Amino acid sequence: MSGQGAEKEPESSAGDQPGVGSDSDQPAQEPWAALRDLDAHAPKFDFQGVNRGVAAQHVMGDVITGGKVENHYNFGGFGSEPVAGEIPAETLERLAEDFVSEGTVFEELLERLRHDRVIVLMGNPFTGRRTAALMLLHRLGALPVRALDRDVSPGGLSLRLASGDAAVGHVLFDLEISREQPLREAHLLALRGRMRERGAYLVITTEVSPYVESTVAPATWHPPAPAAVLAALLPRRTGAARARELLALPAVAEFLSRERQIREVVQYAAVLAEEGRERIEGYSLEALEQQVQEWFEEAETPVQLREKAFLIALAAFDKGPYALTAELSDTLFQALRSTGDDTYQKPIPVFGTHIGKRLQKARARRYLADEETEWGPVTQVQAEFHDERVAPMVLREVWTGHPAARPALIKWLDGLSVDGRPFVRTRAAAAVAVLALTDLPSAMALVVEPWAGAKESRRQLTAVSALTLAHRIGAPNIPRIVDAWSTSVQDPKRCWVGVRALGLIGPERPAEALDALRTQARHQYDKKQAQGRVGGDEQVADELPQSRGPPAALRGKGCRRNGPAAATGRSRLRTGARPGRLPHRL
């Protein structure tokens, strides 16, 4: 994407966004009001560990491309003959050794299977429901166990069971239930009759689905607690005494304090058994990176594009209103869907995944909280990732790992930058700040610089917020960029953005900020003298005395960046309190 194209695109994309209108004629927001919105709505990103992305054209840290181990029993179809494969006995024995049923309804399910012969085990992905299905048959003694081909409708399943099959146990993993192929009571009755005739048992696993007849009573599977699984697995690998020492490590407590999937706990038990200190301490972040990469890779059963758009929107609006996040995620979905084909006009489905299932797949939760608005606090349903480190990680993964998504992401952010809601604009700026931390040259060329040169004041203000937040989270060279822009004599729009940004980051470096502002004030004075009464850049000249306030106040107290006066100034900035009357002469 050329710089020229990046400059033109924001103007055309604004009208496509909800709550967006042209504001080129509107005056810029007052500096202290803009700062108040910035501090009120900026997310609290957690940047633990090494930045594993691209920063200033360098690859930093480790890039994990694998590490996830899955066992699949997938036997392709051969014409119309029933397809099944026997699961090795040693596999069942190995699973039985590590299976943990503590805190589950396993014993109740065992009795139910013994009586009904057929059971539908419904649960969320990665909760151990596949292993639970195999262990039900193993504990019941229904051996050998055959895995059935999942490429079958619920109604055709009974016809797929071969009449001459001597297997006692049958399992069907991940049966697909849909609006076109619902699960009905008649299907289960036919299967139970078939199983009783043959003295066999069948366990079917599937995800939670609304397309199940009300007379069908599936068994809900909930996994054991991660701490219980780890406490049961580790002694078998290290011995009881050593396991107690390992379980007492702070890194283990931190790992268990976060929401975990059973597969992650099993892998962590193996990591602990290896006793590599760096791996033990870093596995929590490593598992998170694997999850984020898995969300956006094209796997056999990929996350739908609409849900991927929701993940990106949730990363930008983490701890924000769910309805707003869902609304704006569909705008991003539309942009992603038309990538490479501008004529793609297929309508977006009005109704989609249930909020509970959508957040479960995103490893997020919903809760009620008060949201600050210009009309006062309003109670809304909020959504947030269970792990606060996910949001910036998702943005980095999409930006650096999937460059083909950049045009759609930029178009989406362009629309958000002129949205009428301060919360939306601030979160757009925060997302760009993360991109700047990851890949400063691209973020500046494709997003921040076009915003700074835009005719809309809201877009310029969002550029200011992006630079300020990027500096707060440690993006490189932001003061250098702001100083250069604020002393520019060629581009008044970019100069205004630099001057406004100096007023926000200036309290950390008051001497340098005041020097840059004096330079620009002298330029405006000389320009006015040369051109007469109407000379100079009016917008820049009006901004200079307002941006001088915070740096001047701190410099007057002789403070340094981390001194008490600087802390006082930053506290004033966070609360949005207006200081005393600002001088109008530098």
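The structure displayed is predicted, hence computed values, not measured ones. (Residues numbered from 1 in each chain as written. Predicted model: local features only at pLDDT ≥ 70, side-chain atom pairs only at ≥ 80, totals over all residues. Heavy atoms only, no water.)

Some points on the overall build of the protein chain
Right, so step 1: When its secondary structure is counted, the protein chain shows 25 helices and eleven strands.
Right, so step 2: In the protein chain, which comprises 586 residues, the share counted as buried stands at 51%.
Right, so step 3: Restricting the contact set of the protein chain to residue pairs at least 6 apart, pairs at least 24 apart contribute 74%.
Right, so step 4: When the accessible surface of the protein chain is split by element, carbon and sulfur atoms take 50% of a total near 27900 Å². (Helix = DSSP H or I, 4+ residues; strand = E, 2+ residues; numbered from the N terminus. Buried < 20%, exposed > 50% of the residue type's maximum accessible area, 1.4 Å probe, protein only. Contact = heavy atoms within 4.5 Å. Areas by Shrake-Rupley, 256 points an atom, 1.4 Å probe, with all protein chains shown as cover.)

Notes on the packing of aromatic side chains
Right, so step 1: All told, the structure shown has eight aromatic pairs when counted by the stated rule.
Right, so step 2: An angle of 45 degrees between the planes, with centres 5.9 Å apart, marks the rings of Phe255 and Tyr283 as tilted. Note that Phe255 is positioned in helix 10 (residues 250-256) and Tyr283 in helix 12 (residues 277-296), a separation of 28 residues in sequence.
Right, so step 3: Classification of Phe255 by relative accessible area gives buried; the value is 0%.
Right, so step 4: Taking the relative accessible area as the measure of exposure, Tyr283 reaches 1% and is therefore buried.
Right, so step 5: With centroids separated by 6.3 Å and ring planes inclined at 80 degrees, the aromatic side chains of Phe317 and Trp412 adopt a geometry described as edge-to-face. Taken together, the residues Phe317 in the loop between helix 13 (305-316) and strand 9 (320-321) and Trp412 in helix 17 (residues 406-417) connect sequence positions 95 residues apart. You'll find Phe317 and Trp412 in the same group, each marked buried.
Right, so step 6: Put simply, the rings of Phe255, Tyr268 and Tyr283 pair up and form one aromatic cluster. (Phe/Tyr/Trp six-rings, centres within 6.5 Å; stacked < 30°, edge-to-face > 60°.)

With respect to the pattern of salt bridges
Right, so step 1: Counting across every chain of the model gives 33 salt bridges.
Right, so step 2: With its nearest N and O atoms 2.6 Å apart, the salt bridge here joins Arg114 to Glu111. A residue pair is termed a helical-turn pair when its members lie 3 or 4 positions apart in one helix, as Arg114 and Glu111 do in helix 4 (residues 106-116) at three residues.
Right, so step 3: For Arg114, a relative accessible area of 37% translates into the label partly exposed.
Right, so step 4: Look at Glu111 and you get partly exposed, because its relative accessible area is 46%.
Right, so step 5: In this structure, the salt-bridge partner of Arg363 is Glu264, at a minimum N-O distance of 2.8 Å. Of this pair, Arg363 sits in the loop between helix 15 (355-361) and strand 10 (364-373) while Glu264 sits in helix 11 (residues 262-274), and the two are 99 residues apart along the sequence. (Salt bridge = Lys/Arg side-chain N within 4 Å of Asp/Glu carboxyl O.)

What about the sheet that holds strand 9?
Right, so step 1: The strand order across the open sheet formed by three strands is 9-11-10, and the pairing between neighbours is antiparallel. Both edges of this open sheet fall to strand 9 and strand 10, since each of them pairs with a single strand only.
Right, so step 2: The pairing of strand 9 with strand 11 (residues 376-385) spans two bridges and is antiparallel. Bridging from a neighbouring strand, Pro321 pairs with Gln382 of strand 11. (Pairing = 2+ DSSP bridges.)

Quick notes on the nonpolar core
Right, so step 1: Counting 81 residues, the largest nonpolar core has Ile312, Phe317, Phe385, Val394, Trp412 and Leu413 as its most contacted members.
Right, so step 2: Counting residues per element, this core draws most heavily on helix 18 (residues 422-438), which supplies twelve residues.
Right, so step 3: With 26 residues, the next largest nonpolar core counts Phe99, Ala132, Ala133 and Leu137 among its residues. (Core = buried A, V, L, I, M, F, W, Y, C linked by side-chain atoms within 4.5 Å.)

Side note on the packing of helix 8 (residues 226-238) against helix 9 (residues 240-247)
Right, so step 1: Here helix 8 crosses helix 9 at 130 degrees, and the two axes come no closer than 7 Å. Here helix 8 is positioned oblique relative to helix 9, judged by the angle of their axes. Here the hand of the crossing between helix 8 and helix 9 comes out right-handed. Only Ala240, Arg242, Ala243, Leu246 and Leu247 of helix 9 make contact with helix 8, whose side of the interface consists of Leu230, Ala231, Leu234, Pro235 and Thr238. (Axes fitted to C-alpha atoms, helices over the stretch in contact; angles between N-to-C directions. Parallel < 35°, antiparallel > 145°, perpendicular 65-115°, else oblique. Left-handed = near helix turned anticlockwise from the far one by under 90°.)

Here's the deal with the sheet that holds strand 5 (residues 145-148)
Right, so step 1: Here we have six strands laid out as an open sheet, ordered 3-5-6-7-4-8, and mixed in their pairing. The sheet is open, and its two borders are formed by strand 3 (84-86) and strand 8 (219-220), each paired with just one other strand.
Right, so step 2: Across four bridges, the pairing between strand 6 (residues 169-172) and strand 7 (residues 201-206) is parallel. Directly across from Leu172, in strand 7, lies its bridge partner Ile204.
Right, so step 3: Of the strands in this sheet, strand 4 (118-122), strand 7 and strand 8 are in contact with helix 4, which crosses strand 4 at around 145 degrees.
Right, so step 4: Of the strands in this sheet, strand 4, strand 6 and strand 7 are in contact with helix 7 (residues 185-198), which crosses strand 4 at around 130 degrees.

A word on the pairing of strand 6
Right, so step 1: Residues Gly169 and Val171 of strand 6 are buried on one face, and the alternating residues His170 and Leu172, pointing to the opposite face, are buried as well.
Right, so step 2: Bridging between strand 5 and strand 6 involves three bridges; their strand directions are parallel. Residue Ala147 lies in a different strand from strand 6, and its bridge partner there is Val171.
Right, so step 3: Viewed along the sheet, the connection from strand 6 through helix 7 into strand 7 turns out right-handed. (Right-handed = clockwise from strand over helix to strand, strands pointing away.)

Some remarks on the pairing of strand 10
Right, so step 1: Two elements, strand 10 and strand 11, share ten bridges in a ladder whose sense is antiparallel. Among the inter-strand pairings, Tyr367 is bridged to a residue of strand 11, identified as Gln382.
Right, so step 2: Counted along the chain from strand 10 to the antiparallel partner strand 11, the turn is two residues long.

Thoughts on unusual backbone geometry
Right, so step 1: Put simply, Leu143 and Pro144 share a cis peptide bond, and its omega is -5 degrees.
Right, so step 2: Of note in the backbone geometry, Asp174 takes a positive phi value of approximately 55 degrees without being a glycine.
Right, so step 3: Positive phi, normally seen in glycine, also occurs at Arg363, with a value near 55 degrees.

With respect to the environment of Gln460
Right, so step 1: Inspection of the secondary structure assignment puts Gln460 in helix 20 (residues 457-472).
Right, so step 2: Here Gln460 falls in the buried class, since its relative accessible area comes to 3%.
Right, so step 3: When the C-alpha positions of Gln460 and Lys493 are compared, they lie 8.1 Å apart, and in sequence the two are 33 residues distant.
Right, so step 4: In this structure the side chain of Gln460 is engaged in a polar contact, spanning 3.3 Å, whose partner is the backbone oxygen of Ala452. (Polar contact = N/O pair within 3.5 Å; in protein donor to acceptor, adjacent residues only side chain to side chain.)

A closer look at the side chain of Thr426
Right, so step 1: The topology assignment puts Thr426 in helix 18.
Right, so step 2: Within the local environment of Thr426, its side chain forms a polar contact with the backbone oxygen of Pro422, the two atoms lying 2.9 Å apart.

Brief notes about the confidence of the model for the protein chain
Right, so step 1: The share of residues in the protein chain with pLDDT of 70 or more is 69%, and the mean pLDDT across the chain is 78.
Right, so step 2: Note that pLDDT drops below 50 for residues 48-81; the model gives that stretch 60 contacts with residues more than four away or on any other chain.
Right, so step 3: The low-confidence segment residues 549-586 (pLDDT under 50) makes 57 contacts with residues lying over four places distant or belonging to another chain. (pLDDT = per-residue confidence, 0-100.)

Here's the deal with the packing of helix 14 (residues 322-337) against helix 17
Right, so step 1: Following both chains from N to C, one finds helix 14 and helix 17 inclined at 140 degrees, their axes separated by 8 Å at the closest point. It follows that helix 14 is oblique to helix 17 by the angle criterion. Handedness of the crossing formed by helix 14 with helix 17: right-handed. Of the residues in helix 17, those in contact with Leu328, Thr331, Leu332, Ala335 and Leu336 of helix 14 are Ala408, Leu409, Trp412 and Leu416.
Right, so step 2: Class assignment of the residues belonging to the contact of helix 14 with helix 17 gives a composition of eight nonpolar, one polar and no charged. (Nonpolar A, V, L, I, M, F, W, Y, C, P; charged D, E, K, R; others polar.)

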